[in-house]
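# Chain and residue survey
Below are the chains, spelled out letter by letter.
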Amino acid sequence: MGLAKRIIPCLDVKDGETVKGTNFVNLRKAGDPVELGKAYSDAGADELVFLDITASHEGRKTFTEMVTRVAREINIPFTVGGGVNEIGDVERLLYAGADKVSVNSAALRHPSLIDDIARRFGSQVCVCAIDARLEDGEWICYMNGGRLPTERKLTEWALEVSDRGAGEILFTSMNHDGVKQGYANDALATLSALLPIPVIASGGAGSMEHFRDAFTLGQADAALAASVFHFGEIPIPVLKQYLAGEGIKVRL
């Protein structure tokens, strides 16, 4: 049956608080990141992703301290991203307690950053996040927290990222983000068939069936979600029991 599928809560952090938006805007507060991280670890989440979504220089120091506080409270793999522009940022976050580091905008600007991280720390440390929007039948990659379109198309960029040594890809559909109508399963299936590395689905979870579909239709290796977990709509243990009942291999 292969590896177990992973369930990953994502904490978007802004000014020290967890927030959640819809289509990357209209943010609302969702609680203390340290408390949420511990609760998810205790509830049986497989991993935790933590993103500093504004990553201002000033906020970054605060953010590093918060990473350390979260890392002390959890016992699951911990991916941290936001404002990672150079090897020094990766070192700082790993030292603070992260297991993996997520790169997005900086990798689009300087793709060799992926090679450097993989060479220095190993592919397993490098998660490449790709935010893309479906426009006129083409998936276009965006930078700067979904604010800035690029010339890159989803599949060719994902292939390059994989070739350069990223350990996995976190694909967020901007069209589906926060809408709770399901993941971008067609795009996920394309990526999963194309790439030799794991694909994490992000953007669109609203029901337990959506997770099932991401794993069956989208062939994703992991599914990431935020608001359904933060606001108590889907408890992780209940979700895992449901998925197991649907014949999907998960860690119970």
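Residues numbered from 1 in each chain as written. Predicted model: local features only at pLDDT ≥ 70, side-chain atom pairs only at ≥ 80, totals over all residues. Heavy atoms only, no water.

### Observations concerning the pairing of strand S6 (residues 100-103)
A regular strand places its side chains on the two faces of the sheet in alternate fashion. The side-chain alternation of S6 yields two buried faces, one formed by Lys100 and Ser102 and the other by Val101 and Val103. Looking at chain direction, strand S5 (residues 78-81) and S6 are connected through three bridges and run parallel. Residue Gly81 lies in a different strand from S6, and its bridge partner there is Ser102. Here three bridges tie S6 to strand S7 (residues 126-135), and the two strands are oriented parallel to one another. Looking across to S7, one finds that Ser102 is bridged to Val127. (Buried < 20%, exposed > 50% of the residue type's maximum accessible area, 1.4 Å probe, protein only. Helix = DSSP H or I, 4+ residues; strand = E, 2+ residues; numbered from the N terminus. Pairing = 2+ DSSP bridges.)

### A word on the layout of surface pockets
Looking at the second largest pocket, its volume works out to about 180 Å³. Surrounding the second largest pocket, Leu134, Glu138, Trp139, Lys153, Leu154, Thr155, His176, Ala184, Asn185, Asp186, Ala187 and Thr190 form its lining. Every element with two or more residues in the lining of the second largest pocket is listed here: strand S8 (138-143), helix H6 (154-164) and helix H7 (185-194). In terms of residues, the lining of the second largest pocket owes the most to one element, H7, which gives four residues. (1 Å grid on protein atoms, 1.4 Å probe; cavity = no way out; pocket = protein on both sides within 12 Å on 5 of 7 lines; lining within 4 Å. Points joined across faces, edges and corners; volume = space filled by probe spheres on them.)

### Points about the pattern of salt bridges
Under the definition given, this model contains 18 salt bridges. In this structure, the salt-bridge partner of Glu168 is Lys100, at a minimum N-O distance of 2.6 Å. Here Lys100 lies in strand S6 and Glu168 lies in strand S10 (residues 168-173), a separation of 68 residues in the sequence. Residue classification places Lys100 among the buried residues on the basis of a relative accessible area of 12%. The salt bridge involving Asp116 is made with Arg119; its shortest N-O contact spans 2.8 Å. Placement of both Asp116 and Arg119 in helix H5 (residues 112-121) is noted, with a separation of three residues, approximately one turn of the helix. For Asp116, a relative accessible area of 29% puts it in the partly exposed group. (Salt bridge = Lys/Arg side-chain N within 4 Å of Asp/Glu carboxyl O.)

### Considerations on the packing of helix H8 (residues 208-216) against helix H10 (residues 236-245)
Where H8 contacts H10, the axes come no closer than 10 Å and their chain directions differ by 50°. By the criterion of interaxial angle, the relationship of H8 to H10 is oblique. Crossing hand, H8 versus H10: right-handed. For the pair formed by H8 and H10, the contact residues are Met208, Glu209, Phe211, Arg212 and Phe215 on the first element and Val238, Leu239, Tyr242 and Leu243 on the second. Its residues placed into classes, the contact of H8 with H10 shows seven nonpolar, no polar and two charged. (Axes fitted to C-alpha atoms, helices over the stretch in contact; angles between N-to-C directions. Parallel < 35°, antiparallel > 145°, perpendicular 65-115°, else oblique. Left-handed = near helix turned anticlockwise from the far one by under 90°. Contact = heavy atoms within 4.5 Å. Nonpolar A, V, L, I, M, F, W, Y, C, P; charged D, E, K, R; others polar.)

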